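What the coordinates show
Single-letter residue listing:
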Amino acid sequence: MRYAIGDSLLLAWRSLMRIRRAPDLMVAFTVQPIMFVLLFAYVFGGAIETPQDDYVDFLMPGIVVQSIAFGGFVTALGLAEDRTKGIVDRFRSLPMAHGAVLAGRTLADVVTNAIQLAVLMTVGVLIGFSFDAGLPEIVAGFGLMLLFGWAFSWVFAWIGLTAGSPESAQSLGFTVLFPLTFVSSAFVPPDTMPDWLQAFADANPFTTVVDAMRALWIGTPAGDDVWMSVVWAIAIAVVFATLSIRRFRRVVSR
């Protein structure tokens, strides 16, 4: 176990060093989330009616959930690239824990998600977002986001191992996740949608997590959203970690 943890931390460091050598990847963690915040706040915000008086307060939890969920794209692209370039085969020949390849990738995502979260909240505060909750609730919101992002890192790990190339991994990820993020309560209240679409939005885990974040950060009624968000995150992590590990074993056994 000690060696497996050490291998995982080393490969997590490798993933973070890759970002330093390819600074364009930082665009996904900094510039792109800022663009989403400014676009929705200043272009669409004036046309959308929400339960909150200020659309920015309604918007920020949704933008944060969307951005953190997509933070695992680097894992999908990295694993797909390692497969096509034969890096996975090289890892196979080394005296190391094979599971560390996946664990290291997802651990690195926790670090990059924390950076992205800091950038998003800084921009949000600058454009008028304000917390309306106590410190424990605010900290719990940050913790929930890191857990949720880590869970979706396993989703992207499975995508990266399943897709045939980095390009197809990116296309598959956007195709699957973009509808989930937009057909939710992230950007508009679900009751403004057609009945059949509202039913999907209400059952969407993104809606549960977004509503939980609003409860923790701006004091909206929580209901069961907070603990259900934790359940969703753990369930997603368990299911896709299992699928990713099985897929990885098939890849290395070829």
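For the structure given in this document, a descriptive report is provided here. The residue count restarts for each chain, going from 1 along the sequence in the order it is written. It should be noted that, the model being predicted, local features are given only for residues of pLDDT at least 70 and side-chain atom pairs only at 80 or more, the latter also being counted only at that level, while totals for whole chains, interfaces and linings use all residues. Neither water nor hydrogens contribute to the side-chain values; these are computed over all heavy atoms in the structure.

Thoughts on the side chain of Ser-153
Worth spelling out the cut-off: Secondary structure counts use DSSP, requiring at least four H or I residues in a row for a helix and at least two E residues in a row for a strand, with both numbered from the N terminus. Working definition: with a 1.4 Å probe on protein chains only, accessible area under 20% of the residue-type maximum means buried, over 50% means exposed, and in between means partly exposed. Residue contacts are counted whenever heavy atoms from the two residues lie within 4.5 Å of one another.
For Ser-153, the position within the fold is in helix H8 (residues 135-162). With relative accessibility at 0%, the residue Ser-153 sits in the buried group. Once residues within four sequence positions are removed from consideration, Ser-153 is found in contact with Gly-72, Thr-75, Thr-106 and Asp-109.

A few points about the nonpolar core
A general feature of soluble globular proteins is that nonpolar side chains tend to end up buried together. Under the convention used in this document: Residues enter a nonpolar core if they are buried and are Ala, Val, Leu, Ile, Met, Phe, Trp, Tyr or Cys, with the set joined through side-chain atoms within 4.5 Å.
Core analysis: the biggest nonpolar cluster contains 64 residues, and Ile-63, Val-64, Val-65, Met-145, Phe-148, Phe-152 and Trp-217 have the highest contact counts within it. A per-element tally of this core places H8 first, with 12 residues. Not counting chain neighbours up to four residues away, the residues in contact with Phe-152 comprise Ala-69, Leu-177, Phe-206 and Ile-236. Among the nonpolar cores identified, the runner-up in size contains seven residues, and Leu-16, Leu-25, Phe-29 and Val-74 belong to it.

What about a nonpolar patch on the surface?
For the record, the criterion: Patch definition: residues above 30% relative accessible area lacking any salt bridge, with like charges linked at up to 9 Å and the nonpolar side chains Val, Leu, Ile, Met, Phe, Trp and Tyr linked at up to 5 Å. Note on areas: these come from Shrake-Rupley sampling with a 1.4 Å probe, and a residue is covered only by the protein chains present in the view. Salt-bridge detection follows one rule: a side-chain nitrogen of Lys or Arg within 4 Å of a carboxyl oxygen of Asp or Glu.
On the surface, Leu-38, Leu-39, Tyr-42, Val-43 and Phe-44 cluster together into a nonpolar patch covering about 480 Å² of accessible area. Residue placement: Val-43 occurs in helix H3 (residues 31-44).

Looking at the side chain of Ser-67
Position of Ser-67 among the secondary structure elements: in helix H4 (residues 55-69). Residues contacting Ser-67, with those up to four places away along its chain left out, are Pro-33, Gln-116 and Leu-120.

Things to note about the environment of Phe-148
On the secondary structure map, Phe-148 appears in helix H8. For Phe-148, a relative accessible area of 1% puts it in the buried group. Between the C-alpha atoms of Phe-148 and Ser-244, which are 96 residues apart in sequence, the distance is 17 Å. With residues near it in sequence (within four places) discarded, Phe-148 still touches Val-65, Ala-69, Phe-206, Val-209 and Ala-233.

Comments concerning the packing of aromatic side chains
Note the following rule: Under the pairing criterion, centres of Phe, Tyr and Trp rings, with the six-membered ring standing for Trp, must be within 6.5 Å; the plane angle then separates stacked pairs below 30 degrees from edge-to-face pairs above 60, leaving the rest tilted. Put simply, a charge is over a ring when the Lys NZ or the Arg CZ is close to the ring centre, within 6 Å, and near the line of the ring normal, within 35 degrees.
Throughout the structure, instances matching the rule amount to 22 aromatic pairs. Members of the aromatic cluster, each reached through a chain of ring pairs, are Phe-36, Phe-40, Phe-70, Phe-73, Phe-156, Phe-174, Phe-178, Phe-182 and Phe-187. Above the face of the Phe-58 ring, Arg-214 is positioned so that its terminal group lies 3.6 Å from the ring centre.

Re empty space enclosed by the protein
As a reminder, the rule being used: Of the two site types, the cavity is a set of points on a 1 Å grid over the protein atoms alone where a 1.4 Å probe fits but cannot get out, and the pocket is an open set with protein on both sides within 12 Å along at least five of seven lines, each lined by residues with an atom within 4 Å of a point. Grid points are joined across faces, edges and corners, and a volume is the space filled by probe spheres set on the points. The nonpolar class holds Ala, Val, Leu, Ile, Met, Phe, Trp, Tyr, Cys and Pro. Asp, Glu, Lys and Arg form the charged class, and all remaining residues, Gly among them, are polar.
All chains considered together, the criterion is met by two cavities of 30 Å³ or more. Forming the boundary of the largest cavity are Ser-15, Ile-19, Val-74, Thr-75, Arg-105, Ala-108, Asp-109 and Thr-112. Secondary-structure elements contributing two or more residues to the lining of the largest cavity are helix H1 (2-21), helix H5 (73-85) and helix H7 (100-126). Grouping the constituent residues of the lining of the largest cavity by class yields three nonpolar, three polar and two charged. Of the volumes computed, that of the second largest cavity is approximately 40 Å³. Forming the boundary of the second largest cavity are Leu-11, Arg-14, Ser-15, Asp-82, Phe-91, Val-101, Gly-104 and Arg-105.

A short note on the environment of Gly-71
Counting through the fold element by element, Gly-71 comes out in the loop between H4 and H5. Sequence separation of Gly-71 and Gly-149 is 78 residues, and the distance between their C-alpha atoms is 6.7 Å. Those residues in contact with Gly-71 that sit more than four places away from it in its chain are Phe-29, Asp-109, Asn-113 and Gln-116.

Regarding H1
The α-helix advances 3.6 residues per turn, and as a result positions three or four apart in sequence lie on the same side. Condition: Multiply 1.5 Å by the residue count of a helix minus one, and that product is the helix's expected span.
The end-to-end C-alpha separation of H1 is 29 Å, in line with the 28 Å expected for 20 residues at 1.5 Å each. For H1, every residue scored as buried is listed here: Asp-7, Ser-8, Leu-11, Ala-12, Ser-15, Leu-16, Met-17 and Ile-19.

Section: the packing of H5 against H8
Keep this limit in mind: Inter-axis angles, ranging from 0 to 180 degrees, are taken between N-to-C directions of lines fitted to C-alpha atoms, where helices are fitted over the stretch in contact. Our angle categories are set so that under 35 degrees counts as roughly parallel, over 145 as roughly antiparallel, 65 to 115 as roughly perpendicular, and the remainder as oblique. Less than a right angle of anticlockwise turn of the near helix away from the far helix marks a crossing as left-handed, whereas a clockwise turn marks it as right-handed.
Following both chains from N to C, one finds H5 and H8 inclined at 25 degrees, their axes separated by 7 Å at the closest point. As far as their axial angle goes, H8 and H5 are roughly parallel. Pair H5 / H8 crosses with right-handed handedness. Note on element contacts: H8 touches H5 through Ser-153, Phe-156, Ala-157, Gly-160, Leu-161 and Thr-162, opposite Phe-73, Thr-75, Ala-76, Leu-79, Ala-80 and Arg-83. Of the residues that constitute the contact of H5 with H8, the class distribution is seven nonpolar, four polar and one charged.

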